[in-house]
Amino acid sequence: MITGAAKGIGRATAELFAREGARLVLTDVDEAGLEELRERLAGEGAEVETVVGDVSVPEDAKAMIEAAVERFGRIDVLVANAGVIPLSTIVDATPEDWDHVMAVDGRGMFLTCKYAIEAMLETGGGSIVCLSSISGLAGQAQQAAYGPAKFVATGLTKHLAVEWAHRGIRVNAVAPGTILTEAVAELPDEYKEPMLEAHPVGRLGEPSEVASAILFLASDEASFVTGAILPVDGGYLAQ
Ligand SMILES: NC(=O)c1ccc[n+]([C@@H]2O[C@H](COP(=O)([O-])OP(=O)(O)OC[C@H]3O[C@@H](n4cnc5c(N)ncnc54)[C@H](O)[C@@H]3O)[C@@H](O)[C@H]2O)c1
């Protein structure tokens, strides 16, 4: 299952997992984007279920996991990717901005991990990959609400990894640098240009480069990896 699959990193991950032969449950609030992706991947031979819903709403998050169990009998992998990326200083951010990003990026990740783990416990284990960020490991300007929400992703990953390792559930995260998704492409150049210079490789990342790291962490190739936060950041955090 991949949440927030209609665009960006989630869509690139769905495309890669489909090429690897995964049976997919793709979820998003964007019904049209989800349907376009489902039709394309199904046309290429993938088995795809979709669920339109909001990860921050418990009934929706539960319905996403139930769809996987009903269609495929189990959930082996959750990619907890759905998120919003609001950028502002603490002076500009409102209490509502804080609540919104914490609801989607924080509570939404908590809920999807919770229901996925409950289902994985029934079938002997699984693998979860959460979307943290360089903003979930280091401080940056303009991240007063979003950055702390990504620290939630980092923290949830580590705590759940320890809590469930003995039951065969691995929980890891990727921490992307700035990735050229539609959301990032729309940001003002005044934000993007200094970010580009801050990445030692001298460019921003591609969604497919994050998808490859997610695939590794999700797979049995990473069988002894849990609680890891893997930077996929062109060297940003190495400085
Ligand atoms: N793009 C980056 O530079 C970057 C860097 C680090 C981390 N991330 C993280 O990667 C994840 C994906 O980001 P992206 O850049 O691909 O963003 P994006 O906006 O391109 O895609 C996010 C997807 O999530 C969906 N979504 C939003 N709110 C939702 C909700 N409440 N319920 C279900 N789906 C919802 C959107 O409709 C969209 O399809 C996010 O968690 C983000 O924090 C992105």
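As the structure is a prediction and not an experimental result, all values here were calculated from the model.

The rules behind the values
For every chain, the first residue of the written sequence is number 1, and numbering continues from 1 onward in sequence order. Reporting in this predicted model follows two pLDDT cut-offs: at least 70 for local features of residues, and 80 or more for side-chain atom pairs to be given and counted; totals over whole chains, interfaces and linings ignore these cut-offs and use all residues. Calculation of side-chain values draws on the structure's entire complement of heavy atoms; hydrogens and water are dropped beforehand. Put simply, buried Ala, Val, Leu, Ile, Met, Phe, Trp, Tyr and Cys residues joined by side-chain atoms within 4.5 Å make one nonpolar core. Here's how the labels work: a residue is buried when its accessible area is under 20% of the maximum for its type, exposed when over 50%, partly exposed in between, all with a 1.4 Å probe on protein chains only. The helix and strand labels rest on DSSP assignments: H or I over at least four residues marks a helix, E over at least two residues marks a strand, and numbering proceeds from the N terminus. Residue contacts are defined here by distance: any two heavy atoms, one from each residue, within 4.5 Å place the two residues in contact. Angles here are taken between N-to-C directions and fall from 0 to 180 degrees, while the axes themselves are lines fitted to C-alpha atoms, restricted in helices to the stretch in contact. Put simply, angles under 35 degrees are roughly parallel, angles over 145 are roughly antiparallel, angles from 65 to 115 are roughly perpendicular, and the rest are oblique. Crossing handedness is read from the near helix: turned anticlockwise from the far helix by less than a right angle, it gives a left-handed crossing, and turned clockwise, a right-handed one. The residue classification treats Ala, Val, Leu, Ile, Met, Phe, Trp, Tyr, Cys and Pro as nonpolar and Asp, Glu, Lys and Arg as charged. All others, Gly included, are polar.

S.K.: Is there a simple way to think about the nonpolar core in this case?
M.R.: One recurring pattern in soluble globular proteins: nonpolar side chains tend to sit buried together. The biggest cluster of nonpolar side chains holds 35 residues, and the ones touching the most others in it are M1, I75, L78, C113 and I128. Where this core is concerned, the elements lending two or more residues are α3 (58-72), β4 (77-80), α4 (95-123), β5 (126-131), α5 (146-164) and β6 (169-176). The element that contributes the greatest number of residues to this core is α4, accounting for 9 residues. When residues no more than four places from it in sequence are discounted, the contact partners of I75 are M1, I65, A68, A116, A119, M120 and G125.

S.K.: Honestly, the packing of helix α1 (residues 8-19) against helix α8 (residues 207-218) in this entry has me stumped. Any pointers?
M.R.: The angle between the axes and the distance between the axes are what describe a pair of packed helices. Where α1 contacts α8, the two axes come as close as 8 Å, and the packing angle between them is 60°. Put simply, α1 runs oblique to α8. Seen from above, α1 lies across α8 with right-handed handedness. Residues G8, I9, A12, T13, L16 and F17 of α1 lie in contact with α8, whose contacting residues are P207, S208, V210, A211, S212, I214, L215 and A218. Its residues assigned to classes, the contact of α1 with α8 comprises 10 nonpolar, 4 polar and no charged.

S.K.: What's the story with the packing of α3 against α4 in this structure? I'm lost.
M.R.: It is the contact of α3 with α4, at a shortest axis distance of 9 Å, that shows an interaxial angle of 35°. The hand of the α3/α4 crossing is right-handed. Judged by residue contacts, P58, A61, K62, M64, I65 and V69 of α3 engage R107, L111, T112, Y115, A116 and A119 from α4. Counted by class, the contact of α3 with α4 contains 9 nonpolar, 1 polar and 2 charged residues.

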